[in-house]
Amino acid sequence: MEWISPVSTALGAVIGVGSTLIGDRLRWGRERAGQSLDVRRQLSDYTAALSRMRTTLHECAQADIPASERPQRVRELFLTPGAYEIRHQLAIIAPQDVVDAARAAFVVLRHTRDLLVDGAVIESPAYSELENRFDSAVAELRRVMRQDLGVPESTTRR
């Protein structure tokens, strides 16, 4: 009978410590998942940077920039919004479908930049086609980002 008291004390200690460890592990997992989601939400700034790039390129297409200055000016303005930096963060943190969609939208803007460097203007059919491709690419990027974040489909459509 002398062994029942120490055994029950030890068993109670094991149960108490075990339940504390399990609770801490579950809490840590929830916190980590929440932090990951917060980081991905911040990376939605990428679509804003792409929008700023598009606006900058659109202004270049409308501007009367001398041909000798145009390539350098367009390239300078293309780099200003910071999409390159955010894209590198996406490549590390986001799932592959988001990375692929982000790259696709960026490539359309890069083609637009190159077209403008070559002298295209806003009335150019090639410029209009790239504008439409960009709209589609950004719509797809937003769709996969929303899916990754677990956001239901938007009730409003463009």
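Report on the accompanying structure.

Conventions adopted
- Residues numbered from 1 in each chain as written.
- Predicted model: local features only at pLDDT ≥ 70, side-chain atom pairs only at ≥ 80, totals over all residues.
- Heavy atoms only, no water.
- Helix = DSSP H or I, 4+ residues; strand = E, 2+ residues; numbered from the N terminus.
- Buried < 20%, exposed > 50% of the residue type's maximum accessible area, 1.4 Å probe, protein only.
- Areas by Shrake-Rupley, 256 points an atom, 1.4 Å probe, with all protein chains shown as cover.
- Axes fitted to C-alpha atoms, helices over the stretch in contact; angles between N-to-C directions.
- Parallel < 35°, antiparallel > 145°, perpendicular 65-115°, else oblique.
- Left-handed = near helix turned anticlockwise from the far one by under 90°.
- Contact = heavy atoms within 4.5 Å.
- Expected span 1.5 Å × (residues − 1).
- Nonpolar A, V, L, I, M, F, W, Y, C, P; charged D, E, K, R; others polar.
- Core = buried A, V, L, I, M, F, W, Y, C linked by side-chain atoms within 4.5 Å.

1. So, the overall build of the chain
Logical step 1: Within the chain one finds six helices and zero strands.
Logical step 2: Starting at the N terminus, the α and β elements of the chain follow one another as α-α-α-α-α-α.
Logical step 3: Residues counted as buried form 28% of the 158 residues belonging to the chain.
Logical step 4: Of the roughly 10400 Å² of accessible surface on the chain, 56% is carried by carbon and sulfur atoms.

2. Details of the packing of helix α2 (residues 45-62) against helix α4 (residues 83-93)
Working note: a packed helix pair is described by the angle between its axes plus the distance between those axes.
Logical step 1: The geometry of α2 relative to α4 is characterised by a closest axis approach of 9 Å and an angle of 150° between their N-to-C directions. Taken together, the axes of α2 and α4 lie roughly antiparallel to each other. In the packing of α2 onto α4, the handedness of the crossing is left-handed. Each of Asp 45, Tyr 46, Ala 49, Leu 50 and Met 53 in α2 lies in contact with α4, whose residues at this interface are Ala 83, Ile 86, Arg 87 and Leu 90.

3. Regarding α2
Logical step 1: Between its first and last C-alpha atoms α2 spans 26 Å; for 18 residues at 1.5 Å apiece the expected length is 26 Å, and the two agree.
Logical step 2: All buried positions along α2 are accounted for by Tyr 46, Thr 47, Ala 49, Leu 50, Met 53, Thr 56, Leu 57, Cys 60 and Ala 61.
Logical step 3: Where α2 is buried, its residues meet α3 (70-79), α4, α5 (96-117) and α6 (125-149).

4. So, the packing of α3 against α5
Logical step 1: Two numbers describe how α3 lies on α5: the axes approach to 9 Å, and their chain directions differ by 160°. By the angle between their directions, the pair α3 and α5 is classed as roughly antiparallel. Crossing geometry of α3 relative to α5 is assigned as right-handed. The residues of α5 that touch α3, namely those facing Arg 70, Pro 71, Val 74, Arg 75 and Phe 78, are Phe 106, Leu 109, Arg 110, Arg 113, Leu 116 and Val 117.
Logical step 2: Tallied by class, the residues present in the contact of α3 with α5 amount to seven nonpolar, no polar and four charged.

5. Details of the nonpolar core
Logical step 1: Ranked by internal contacts, the top residues of the largest apolar core, which has 34 residues, are Tyr 46, Leu 50, Leu 116 and Leu 141.
Logical step 2: Put simply, the parts of the chain that give this core at least two residues each are α2, α3, α4, α5 and α6.
Logical step 3: By residue number, the principal contributor to this core is α5, which donates ten residues.
Logical step 4: Contact partners of Leu 116, with chain neighbours within four places excluded, come to Leu 57, Cys 60, Ala 61, Arg 70, Val 74 and Tyr 127.

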